[in-house]
Each structure stands twice: as structure tokens, then as C-alpha cells.
Amino acid sequence: MPPGPPRSFPDLLYLLRDLPPPAEASAAAARARQAELTKPQGSLGRLEEIAEFLARWQGREMPALEHPLVLIFAGNHGVVAQGVSAYPPSVTQAMVDNFASGGAAINQICKAFALDLKVVPLDLATATEDFTRAPAMSEAEATAHFARGMAAVPANADLVAIGEMGIGNTTSAAAIYAALYGGLPAYWAGRGTGVDDAGLARKIAAIDAALAAHGAHLSQPLEVLRRLGGREIAAMAGAIVAARRAGIPILLDGYVACAAAAVLHAQDPELIAHCLAGHQSADGAHANVLARLGKRPLLDLGMRLGEASGAAMAAGLVKAALACHTGMATFAEAQVAGKSGS
Ligand SMILES: Cc1cc2ncn([C@H]3O[C@H](COP(=O)(O)O)[C@@H](O)[C@H]3O)c2cc1C
Ligand SMILES: O=C(O)c1cccnc1
């Protein structure tokens, strides 16, 4: 691959190959440790699986969560011209400002669970093209935003909860799912920020128009991403890949964040093997998406916010799971009698 950042899809495809293997020996060691901890075998349920997952993807029996990061990418969408959101596109920048001043839901969740927050605005003075008429992004632009996403993952992060802000992006996500998985736009389109029936009809019509306009060019996942996606969706895909290569586990947020994961999964399921589904969103057939990705959500709280809020909620749970794994005493250490008769 040529030196420097990727400039084209062929450059990007190099980065999607030769992935580091999962650390199965570390996962096995973590599983063995779980069996030694002072609790009935298996009694921590999925918390035990989470500890093993962290060990597998951080490559150590005793994983760390010293630098858990919530990473939000923000982008604007030309498709809002079709009247697909209940809110105006100016809300994207306004919410980025709100994140900076601490007034958003995600700020409070980060505070509650001691998570760092990093927000990356992606050229908010302009929007992508309206994808009912033209590709949302050129190949160069999609690649550049994918690369910005990769560069946004700090080397010292030990868990990244990934999310987005971008008025109109549930339409983009629904179009991506319709392109990747087939099925009717009406099935994939949810109410997003709360569009009324007329708004939902416009959303479905926009996805129909997009599939008609781009239908002949949607066989490659990266083409789906550039034609129907958005800058923040490309950047989330890049961040997921960078984390995969750097041994950093990912928590996926909801309906929109999973569209980035779905593009990667369509390219190669191994690209999202280090991802846990933080939650199941209440928006637009997210349960179906998670089933296709092979991910069982950690939480199902009826949330449909975005801005990494579901992933961040799950990060609190992951922290508790790891605290049990690393902090609990073994039967030998605590001199507690083990299971009798075995
Ligand atoms: C105040 C406000 C805060 C938000 N935080 C996340 N979103 C969420 O809603 C948007 C997607 O919904 P749609 O496709 O219907 O526009 C995204 O920005 C998403 O992150 C918000 C939306 C609003 C209005
Ligand atoms: O689940 C999501 O990602 C979502 C749902 C509604 C609005 N924005 C995002």
C-alpha cells in the first residue's frame, strides 16, 4: 500500500485485509480465571462472557479499562432537503456545541460511568449530497472521512463506545440496510427523531428514490457507504477498523452506528468481531440488524437517541463486569471451600 493516508477504495481495501487474529489463549486464561473466582460456576452470566471478550480483544488475561472513550462523529446530510427529519439540520452543530458545554444526555452518562468523551465534527458548514439525486460522497471524500475516523482512535484507549450526531442520518442508515439486505424501505425506515406519518412517508419515498438512482452500483459495500452513507458513518467505519487493528474492543451504539458496522460486516464479518452491541435501539428494525450482524445486545432500554448513549450505558456495565473479573478473590485466595463432590 502507498505511504500516507488512504486516498481511494483500493487503498482502503488494503487496510481491511490481514487482520490480527483474536487472542484465544488470553480468552481461555480469562475463562479459567472466572472458574476460580468466589462464585458458583457461571453465576455472573454474560458478565463472564464480557470479561472473556475483553481478554480476547485486548490480548491479556487481565484486561484494563483505564481509558474508556466515548467517540462521537458528527456530519450533515443533504437528504434532509427531502423533509425526512423532525428537526432542522442546524441541530447537528447546535448539539456539538451542547456536547462541548456538557448539556447533552451523553455528557451525563459519561459522568455517571467516568468515561472520556471525544466529539469529532466533520465539516459541518456543508452537507453531503442529497443521495436521492447523486452519490452522498465522492470516493475521495468517503475515503478521507474513513481515514479521519481511523485517526480519531487514540492509541491508549482500551474500550471505545462509538456513536454519532447528524440530523437526517436515520434515513441514511435505513437506505444502507435496504441496499445491503434487501426488503422494503418501509420495513427499514423508523421514526428517527419522531417524524409524523407524512414525514415517515417522505422518508420511505427518499429511500425508494435512492435505491432507484443507485441500484446498479450497490454490490460493493464501500460503494453503498459512499452513495447512501454520510461522513459520520464513514468515520465510524474507519474508527471500528482502526480499533480492530489496534486491539481495542468496541461498543456499538444503535441503529445508525450499526450501519457503519453493517457495511464492514458485508465486506468481511471479521472486521467487526471485536464489537459488542451496546444496546438494541427502539428505532427502525434494529433487532433485525443485530441478528444479521450476529450480535446480542447488552441492553434493551427502549432508547432511540443516538449520540453513543446506548453504547455508553453498556460501557458502565462492561466496567462492572471487568471489576468482578480482576478484583474478585479466587477460592484459594479467600479460603472459601469449592464446590463439593467435584
Ligand atoms: C436535539 C437532538 C439531539 C440528538 N441527539 C442525537 N440525535 C439523533 O437524531 C438524529 C437522527 O434522527 P433523524 O434521522 O430523524 O434526523 C441524529 O443526529 C441522532 O444522533 C438527536 C436529535 C435531536 C433533534
Ligand atoms: O438508534 C439510533 O442510532 C438512533 C435512533 C433515533 C435517532 N437517532 C439515532
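Predicted, not measured: the structure shown is a model, and the values here were computed from it. Numbering of residues starts from 1 in every chain and runs along the sequence as written. The order in which chains are written sets their letters, starting at A; the order in which ligands are written sets their numbers, starting at 1. Owing to the predicted nature of the model, reporting of local features is limited to residues with pLDDT of at least 70; listing and counting of side-chain atom pairs is limited to 80 or more, with chain, interface and lining totals taken over all residues.

**Student:** Would you explain the overall build of the protein in this entry?
**Tutor:** The helix and strand labels rest on DSSP assignments: H or I over at least four residues marks a helix, E over at least two residues marks a strand, and numbering proceeds from the N terminus. Along its length, the protein carries 15 helices and five strands. Expected size for 342 residues packed as a compact globule is a radius of gyration near 20 Å; at 20 Å, the protein falls within 12% of this value. Here the C-alpha coordinates of the protein stretch approximately 70 × 45 × 40 Å along the principal axes. Counting all 342 residues of the protein, 51% fall into the buried class. A separation threshold of at least 6 residues defines the contact pool for the protein, and within that pool the share at least 24 residues apart is 79%. Atoms counted for the radius of gyration: C-alpha only. Globule rule: 2.2 Å times residue count to the power 0.38. Here a residue counts as buried when 20 or more other C-beta atoms sit within 10 Å of its C-beta, as exposed when there are 12 or fewer, and as partly exposed otherwise, the C-beta atoms being derived from the backbone. Contacts are defined on C-beta atoms placed from the backbone: any two residues whose C-beta positions lie within 7 Å are in contact.

**Student:** In this structure, what is going on with the pairing of strand E3 (residues 159-165)? I would like to understand it.
**Tutor:** A regular strand carries its side chains on alternate faces of the sheet. Where burial is concerned, most of E3 is hidden: seven out of the seven residues are buried. Of the two faces of E3, the one holding Leu159, Ala161, Gly163 and Met165 and the one holding Val160, Ile162 and Glu164 are both buried throughout. Only when DSSP finds a minimum of two bridges between them are two strands counted as paired. Pairing of strand E1 (residues 68-74) with E3 involves seven bridges; the strand directions are parallel. Paired with Phe73 across the two strands is Glu164, which belongs to E3. Across three bridges, E3 lies against strand E4 (residues 250-252) in parallel orientation.

**Student:** Explain the environment of Gln41 to me, please; I cannot follow it from the model alone.
**Tutor:** Looking at where Gln41 falls in the secondary structure, it is placed in the loop between helix H2 (24-36) and helix H3 (46-58). Judged by the 12 C-beta atoms lying within 10 Å of it, Gln41 falls in the exposed class.

**Student:** Honestly, the site of ligand 1 in this entry has me stumped. Any pointers?
**Tutor:** A molecule or strand has a residue near it when that residue's C-beta atom, placed from backbone coordinates, lies within 6 Å of it. Among the 18 residues in the neighbourhood of ligand 1, the closest are listed as Ser85, Thr170, Gly192, Thr193 and Gly306. Mapped onto the shell around ligand 1, the elements with two or more residues apiece are helix H4 (90-101), E3 and helix H7 (169-181). The element best represented in the shell around ligand 1 is H7, accounting for three residues.

**Student:** Please clarify how the pairing of E1 should be interpreted in this entry.
**Tutor:** Counted residue by residue, E1 has seven buried out of seven residues, so it is predominantly covered. Here E1 shows two buried faces, one formed by Pro68, Val70, Ile72 and Ala74 and the other by Leu69, Leu71 and Phe73. The sheet contact formed by E1 and strand E2 (residues 116-121) spans six bridges and is parallel. Paired with Ala74 across the bridge in E2 is Pro121.

**Student:** What exactly am I supposed to notice about the confidence of the model for the protein here?
**Tutor:** A low pLDDT score tells you not to read the predicted coordinates there in detail. One confidence number per residue, pLDDT, is output by the predictor and ranges from 0 to 100. Per-chain confidence: the protein averages 97 in pLDDT, with 99% of residues scoring 70 or above. Predicted complex metrics record ipTM = 0.99 and pTM = 0.98.

**Student:** Before we go on, may I ask you to explain the UniProt feature "active site" (unreviewed entry) in the protein in this structure?
**Tutor:** UniProt positions are given in the numbering used here, feature names are shortened, and annotations may be inferred rather than shown by experiment. The UniProt feature table records "active site" (unreviewed entry) at Glu307. Within the secondary structure layout, Glu307 lies in the loop between helix H13 (286-293) and helix H14 (309-327). Discounting chain neighbours no more than four positions away, the residues touching Glu307 are Ile72, Ala104, Ala105, Ile106, Gly163 and Met165.

**Student:** Could you clarify how one ought to interpret the nonpolar core in this entry?
**Tutor:** Among soluble globular proteins, nonpolar side chains are generally buried collectively. Here, a nonpolar core denotes buried Ala, Val, Leu, Ile, Met, Phe, Trp, Tyr and Cys residues that are linked to one another through C-beta atoms within 7 Å. Within the largest apolar cluster, 105 residues are counted, with the highest numbers of intra-cluster contacts made by Val160, Ile162, Ala239 and Ile240. Top element by residues in this core is helix H11 (residues 231-246). It accounts for 10 residues. Setting aside residues no more than four positions away along its own chain, Ile162 makes contact with Leu71, Met236, Ala239, Ile240, Ile250, Leu251, Leu252, Asp253, Ala257, Ala308 and Ala311.

**Student:** What is the right way to look at the sheet that holds strand E5 (residues 275-277) in this model?
**Tutor:** Strand pairing in a sheet relies on backbone hydrogen bonds, with the paired strands running either antiparallel or parallel. Ordered by their spatial adjacency, five strands build an open sheet running E2-E1-E3-E4-E5, and the pairing between neighbours is parallel. Two strands close off the open sheet at either side, each with one partner strand: E2 and E5. Adjacent strand axes in the sheet meet at a mean angle of 25 degrees when their direction is disregarded. Running over the sheet, H4 touches E1, E2 and E3 and is turned about 150 degrees from E2. Geometry is summarised by axes, namely lines fitted to C-alpha atoms with helices restricted to the contacting stretch, and by angles between N-to-C directions that run from 0 to 180 degrees.

**Student:** Looking at this structure, how should I read helix H6 (residues 139-151)?
**Tutor:** Each full turn of the α-helix corresponds to 3.6 residues, which orients residues three or four apart in the same direction. Between the first and last C-alpha of H6 there are 18 Å, a value that for 13 residues agrees with the 18 Å anticipated at 1.5 Å per step. Where H6 is concerned, the buried positions are Ala142, Thr143, Ala144, His145, Phe146, Ala147, Arg148, Gly149 and Met150. Looking at the buried residues of H6, the elements they touch are helix H1 (9-15), E1, E2, helix H10 (221-228) and H11. Here the expected length of a helix is defined as 1.5 Å per residue gap, with one fewer gap than residues.

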